[in-house]
Amino acid sequence: MSELERALTVLLDRYMPAILAQSVKRRALAAVGVAEGQLRDEHLPTLRRQLESGIRLFVDAGAQSGLMAEIDALCSGRVASAEAAVVPVRVEADIVEARGRARELMMALGGGAFPTQRAATVASELARNIVAYAGEGVLELIPRPERPLLTIVARDQGPGIADVEAILEGRYRSKTGLGMGLRGVQRLAARFELSTSARGTRVEADLAI
Amino acid sequence: MQRDAGNEIPILELWGRLVVPLQGDITDTQMEALQERVLRRVRARAPSGLVLDATGVWMMDSHLCAVMGRLASAARLMGTRPVLSGLSPTIVMTLQTMGIELTSVETTVSLEAALELLGVWPDEDDDEEETDDER
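Residues numbered from 1 in each chain as written. Chains lettered and ligands numbered in written order. Predicted model: local features only at pLDDT ≥ 70, side-chain atom pairs only at ≥ 80, totals over all residues. Heavy atoms only, no water.

### Digging into the overall build of chain B
Here is the rule: The numbering of helices and of strands both runs from the N terminus, where a helix is a DSSP run of H or I of at least 4 residues and a strand a run of E of at least 2. For every residue, the accessible area (1.4 Å probe, protein chains only) is compared with the maximum for its type, and the residue is labelled buried under 20%, exposed over 50%, or partly exposed between those bounds. Contacts: residue pairs with any heavy atoms within 4.5 Å of one another. Residue exposure ignores everything except the shown protein chains as possible cover, and the areas themselves are Shrake-Rupley values with a 1.4 Å probe.
Counting its regular elements, chain B contains six helices and five strands. Starting at the N terminus and walking to the C terminus, you meet the elements of chain B as α-β-β-α-β-α-β-α-β-α-α. Looking at chain B residue by residue over its 135 residues, the buried ones come to 47%. In chain B, once contacts between residues fewer than 6 apart in sequence are set aside, the share between residues at least 24 apart is 74%. As presented, chain B carries roughly 7300 Å² of accessible surface, and 51% of it is formed by carbon and sulfur atoms.

Next comes the structure, spelled out in structure tokens:
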């Protein structure tokens, strides 16, 4: 068992009988899809929400907020990884890096399997467009825990996207399958903004959790 | 490119069918290389089916999807029936939201179902088959 998992167990034990604490922890771990003894820092935000439902059932109403505050303290000390990241994008390996970081950040924000998949896919599409069409650019990944959502900004100084309306309205079908990517990003995003000119392109997408 | 040399995607041959177990995070280079290798194997072995097993894939974007579709179409053109198996719910839901359709290839829920579709049937009498295998 990790030090983290032990700390969590000790914390829960202080607020409820050990047998209930264990059950609450086990149920939360199962809901997050983590085997006992395998809890890691990046699971914490997702786990927090699962723990909360158990805590509402078994902990005295007056003590609930105190316990949640202690769990938050445990989380905030741990999840330093949920910081904004800037990924330079130039070669294929950067696409892999971009989607990996988006995935990590979405998990750190507490996103489940589907939001995590959406974030990774959006990062992958935007990074690939940069490599394929602009040659060089950056992806900014900005976690906004207060909303909560993950903002992904792709910037490049490439030649711009011709016929962007046709792409976004789905009237454009390229033989290579590209174009589907940008439209897909728009459909996966909770908010989508695009500006493009002969001096470059900027795409901003908010991914909900 | 050299970096990918060490993690080449394997191509297995099972009962006269080719099986490609796709795993984890697949790079564009790996996929391009795979496409060529698979088609060469199809040519050399004339298998009665090709299974692209996506059970272990954690992300599939429009590009990977397009390459997968092209590989399947090319295999069919060469006379081998392609099947894509084991897409995860999150991948399927994401592709659907994006409006991407994978209509160029038959799909099955699992690798086992894909092999059954291609005419591989487990022996009804399991015990007997196991003893046969052990010999």
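### Let's talk about the pairing of strand β4 (residues 82-85) of chain B
Residue and element names in this part refer to chain B. Defined as follows: A pair of strands is considered paired only if DSSP assigns at least 2 bridges between the two. A right-handed crossover is one whose linking path, passing over the helix from the first strand to the second, runs clockwise when the strands point away from the viewer.
Side-chain alternation along β4 places Pro82 and Leu84 on one buried face and Val83 and Ser85 on a second face that is also buried. Bridge count between strand β3 (residues 50-57) and β4: four bridges; the pairing is parallel. What sits directly across from Asp53, in β4, is Ser85. Note on the crossover from β3 through helix α3 (residues 62-77) to β4: the handedness is right-handed.

### Section: the pattern of salt bridges
The test is simple: A carboxyl oxygen of Asp or Glu within 4 Å of a side-chain nitrogen of Lys or Arg is what we treat as a salt bridge.
Evaluation of the coordinates by the stated rule reveals 20 salt bridges over all chains. For Arg128 of chain A, the salt bridge goes to Asp61 of chain B, with nearest N and O atoms at 2.4 Å. Taken as a pair, Arg128 of chain A in helix α6 (residues 113-134) and Asp61 of chain B in the loop between β3 and α3 lie in two separate chains rather than in one. According to the relative accessible area criterion, Arg128 of chain A is buried, its value standing at 4%.

### Looking at the packing of helix α5 (residues 92-108) of chain A against α6 of chain A
Residues and elements named next belong to chain A. Spelled out, the test is: Every axis corresponds to a line fitted to the C-alpha atoms, with the helix fit spanning only the stretch in contact, and the corresponding angles, defined between N-to-C directions, vary from 0 to 180 degrees. The labels follow the angle: roughly parallel below 35 degrees, roughly antiparallel above 145, roughly perpendicular from 65 to 115, and oblique for the rest. The sense of a crossing depends on the near helix, which, turned anticlockwise from the far helix by less than a right angle, makes the crossing left-handed and, turned clockwise, makes it right-handed.
In the contact formed by α5 and α6, the axes pass within 8 Å of each other and the chain directions differ by 155 degrees. Between α5 and α6, the interaxial angle falls into the category roughly antiparallel. For the crossing formed where α5 meets α6, the hand is right-handed. Taking contact as the criterion, the partners of Ile95, Ala98, Arg99, Ala102, Arg103, Met106 and Met107 in α5 are, on α6, Pro115, Thr116, Ala119, Ala120, Ala123, Ser124, Ala127, Arg128 and Val131.

### A word on the interface of chain A and chain B
For clarity, the cut-off: Under this definition, polar contacts are N or O atom pairs within 3.5 Å; protein pairs additionally need one hydrogen-donor-capable and one acceptor-capable atom, and for neighbouring residues in sequence, both atoms have to be side-chain atoms.
With 24 residues of chain A at the interface, the matching set in chain B holds 23 residues. Here chain A and chain B share three salt bridges between them. Close ionic contact of Asp28 of chain B with Arg128 of chain A constitutes a salt bridge, the shortest N to O distance being 2.4 Å. The tally of links from chain A across to chain B stands at 12 residue pairs in polar contact (both at pLDDT 80 or more). Put simply, the parts of the chain that give the side of chain A that touches chain B at least two residues each are α5, α6 and α8 (180-188) of chain A.

### A word on the environment of Pro88 of chain A
Residues and elements named next belong to chain A. Its location among the elements puts Pro88 in strand β1 (residues 85-89). Under the relative-accessibility criterion, Pro88 is labelled exposed at 55%. Placed 48 residues apart in sequence, Pro88 and Glu136 show a C-alpha to C-alpha distance of 7.8 Å.

### Some details on the nonpolar core
Proteins that are soluble and globular tend to have nonpolar side chains buried together. Note the cut-off: In this text, buried Ala, Val, Leu, Ile, Met, Phe, Trp, Tyr and Cys residues form a nonpolar core when linked through side-chain atoms within 4.5 Å.
Residues Leu126, Leu139 and Ile152 of chain A together with Val20 and Leu22 of chain B are the most contacted members of the largest nonpolar core, which totals 63 residues. A per-element tally of this core places α3 of chain B first, with eight residues.

### Overview of the environment of Arg118 of chain A
The topology assignment puts Arg118 of chain A in helix α6. Within the structure, the side chain of Arg118 of chain A is placed 3.4 Å from the backbone oxygen of Ala208 of chain A, a separation counted as a polar contact.

### A word on the sheet that holds strand β3 (residues 149-156) of chain A
Residue and element names in this part refer to chain A. With antiparallel pairing, the five strands of this open sheet are ordered in space as β1-β2-β3-β5-β4. Each edge of the open sheet is held by one strand with a lone partner, namely β1 and β4 (191-197). Averaged over neighbouring strand pairs, the angle between their axes works out to 10 degrees when direction is ignored. Judged from the five bridges that link them, β1 and strand β2 (residues 137-144) form a sheet pairing that is antiparallel. In the sheet register, Pro88 faces β2, and the bridge partner there is Val138. Across the sheet, α5 is in contact with β1, β2, β3 and β5 (200-208); its angle to β1 comes to roughly 165 degrees.

### Description of the sheet that holds β3 of chain B
Residue and element names in this part refer to chain B. Spatially, five strands are ordered β1-β2-β3-β4-β5 in an open sheet, and the strand pairing comes out mixed. A single partner strand is all that each edge strand has here, and the edge strands are β1 (12-14) and β5 (106-108). Here the strands of the sheet are splayed against their neighbours by 30 degrees on average, with no regard to which way each runs. As paired elements, β1 and strand β2 (residues 17-24) share three bridges and run antiparallel to each other. Residue Leu14 lies in a different strand from β2, and its bridge partner there is Arg17.

### Some thoughts on the side chain of Glu204 of chain A
Residues and elements named next belong to chain A. Turning to its location among the elements, Glu204 is positioned in strand β5. The exposure class assigned to Glu204 is buried, which follows from its relative accessible area of 13%. Sequence-distant contacts of Glu204, defined by excluding residues within four places in its chain, comprise Thr151, Ile152, Val153, Arg191, Phe192 and Glu193.

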